[in-house]
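Tertiary structure, described
Each chain is listed here by its residues.
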Amino acid sequence: AEYIAVGELANLMGVSVNEVIQKCIGLGLMVSINQRLDFETIELIASDFGFEVELEEEYLSDLIEEEDDPGESLKPRPPVVTIMGHVDHGKTSLLDFIRRTNVVAGEAGGITQHIGAYKVALEDGKEITFLDTPGHEAFTAMRARGAQITDIVVLVVAADDAVMPQTVEAINHALAANVSIIVAINKIDKPNANTEKIKQQLAERNVLVEDWGGKYQCVELSAKTGKNVDLLLEKILLEAEMLDLKANPDRPARGAVIESQLDKGRGITATILVQKGTLRISDPFVAGTAYGRVRAMFDERGNKVKEAPPSTPVLVLGFESTPQAGDTFAVVESEREAREISIKRMQIKREQEHRQVRHMTLEEIANQI
Ligand code: GTP
Ligand code: MG
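With an unreviewed UniProt entry as reference, the chain is termed Translation initiation factor IF-2, source organism Melioribacter roseus.

1. Thoughts on the packing of helix α1 (residues 6-13) against helix α2 (residues 17-26)
When two helices pack together, their arrangement is given by the angle between their axes and by how far apart the axes lie. The interhelical angle for the contact between α1 and α2, taken along N-to-C directions, is 120°, at an axis separation of 8 Å. Classed by the angle they form, the pair α1 and α2 counts as oblique. Between α1 and α2 lies a crossing whose hand is right-handed. Two secondary-structure elements touch here, α1 through V6, G7, L9, A10 and M13 and α2 through V17, V20 and I21.

2. Focus: the pattern of salt bridges
Across all of its chains, the model carries 16 salt bridges by this definition. Residue R280 pairs with E307 through a salt bridge whose shortest N-O separation is 3.0 Å. Of this pair, R280 sits in strand β13 (residues 279-280) while E307 sits in strand β17 (residues 307-308), and the two are 27 residues apart along the sequence. The partly exposed category is assigned to E307, whose relative accessible area is 45%.

3. Some words on the packing of aromatic side chains
In this structure the tally under the stated criterion is 3 aromatic pairs. On the numbers, 5.8 Å between centres and 35° between planes, the contact of Y118 with F130 is tilted. A residue pair is termed long-range when its members are at least 10 positions apart, and Y118 in strand β5 (residues 117-121) and F130 in strand β6 (residues 127-131) qualify at 12 residues. You'll find Y118 and F130 in the same group, each marked buried.

4. Focus: the pairing of strand β11 (residues 254-263)
In this sheet, strand β12 (residues 267-276) lies alongside β11 in antiparallel orientation, the contact comprising 9 bridges. In the sheet register, Q261 faces β12, and the bridge partner there is T269. The turn linking β11 back onto β12 is made up of 3 residues. As paired strands, β11 and strand β19 (residues 328-331) are joined by 3 bridges and run antiparallel to one another. The residue bridging G255 from the neighbouring strand is F329, located in β19.

5. Some points on the site of ligand 1
Near ligand 1, the surroundings consist of 15 residues, among which K91, T92, S93, D189 and A223 are the closest. H89 places a main-chain nitrogen or oxygen 3.3 Å from an oxygen atom of ligand 1. The side chain of D189 places a nitrogen or oxygen atom 2.7 Å from a nitrogen atom of ligand 1. Burial of ligand 1 by the surrounding chains reaches 68%, relative to a free accessible area of 650 Å². Residue contributions to the shell around ligand 1 peak at 3 residues, all from helix α4 (residues 91-101). Its residues assigned to classes, the shell around ligand 1 shows 2 nonpolar, 7 polar and 6 charged.

So, how was this worked out
Residues numbered from 1 in each chain as written. Chains lettered and ligands numbered in written order. Predicted model: local features only at pLDDT ≥ 70, side-chain atom pairs only at ≥ 80, totals over all residues. Heavy atoms only, no water. Axes fitted to C-alpha atoms, helices over the stretch in contact; angles between N-to-C directions. Helix = DSSP H or I, 4+ residues; strand = E, 2+ residues; numbered from the N terminus. Parallel < 35°, antiparallel > 145°, perpendicular 65-115°, else oblique. Left-handed = near helix turned anticlockwise from the far one by under 90°. Contact = heavy atoms within 4.5 Å. Salt bridge = Lys/Arg side-chain N within 4 Å of Asp/Glu carboxyl O. Buried < 20%, exposed > 50% of the residue type's maximum accessible area, 1.4 Å probe, protein only. Phe/Tyr/Trp six-rings, centres within 6.5 Å; stacked < 30°, edge-to-face > 60°. Pairing = 2+ DSSP bridges. Near = heavy atom within 4 Å. Polar contact = N/O pair within 3.5 Å; in protein donor to acceptor, adjacent residues only side chain to side chain. Areas by Shrake-Rupley, 256 points an atom, 1.4 Å probe, with all protein chains shown as cover. Nonpolar A, V, L, I, M, F, W, Y, C, P; charged D, E, K, R; others polar.

Structure (structure tokens):
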């Protein structure tokens, strides 16, 4: 079995990807950043950096059988897009502009509540789902739990600034996760904007944009004036078309927890991104160690919805306990089964935590000697 990729391993250990690649070469392995490694290799490399690796019983992906969807059941689905980039480079502004200008016509009042993900409907009936939340940590946590949630990363870089540490981090995350990258050079309305400099710096990080002969689509835009934002949406749709994204809508829903909230009136709620199948009212489900039954669902504008097909984010009511961002979400046969899986997972999780605590204590003792 193969586990994490070279890039992820480097991230987890806080060392550069190059160092890990060098170690691999030392072991006679020619690898790329996206290459997944087997356990023995991971163990060897990690020990060189002073880490000990342990295979843990996976409490989140066990117990629910995963059957492959037959090819003929697959239908096109909208792309799921995450906006990433350095602090203040304009991620929120860009999302806000897209949302403001693509509110479904006739829906007065606009956005009434914030949920961590939303879907925009474009004129020609095409849709794009944007994820608002994942900071880098959430993104990493989700990936660690095996929840691959995004198809495309829009990498925002401010033209009046430079490629910064979080830009590089976002590039590494996207490459390690093997998701498409579209570059959005933002703030071109600023007098000191220098888009060529940004392209140059990206090239130094192996992100060569199209007009520099590379494979990455790139848009120069302004989230403030809205210039070329429509072009970005077009490029997202183009990328999505090339990715040929599909899912089976006619099966019990599967997805990921984007975020959870405790609401005074409604109790525990969570934003779920449905990835395959269709989520419906009264479906029993497991989400990480939490479980429940769908009592009600709402879209990002607070409208009640009865069904959530693939690539749809919905706010779900009906949790018995609080799930965590990045937890996998799965509809099961009955509420009883949901509860049983939840109990079993909690057991396994407790055992793991117990082991970890003991481990740390021993280390501390060793450090004190
Ligand atoms: P964090 O969430 O803190 O990481 O920042 P962010 O990337 O979401 O940036 P945000 O959208 O909050 O924008 C940061 C600042 O840049 C704000 O003052 C925005 O008004 C400004 N800004 C964003 N986009 C543009 C743009 O295209 N042009 C100009 N002139 N200013 C912009
Ligand atoms: Mg922001």
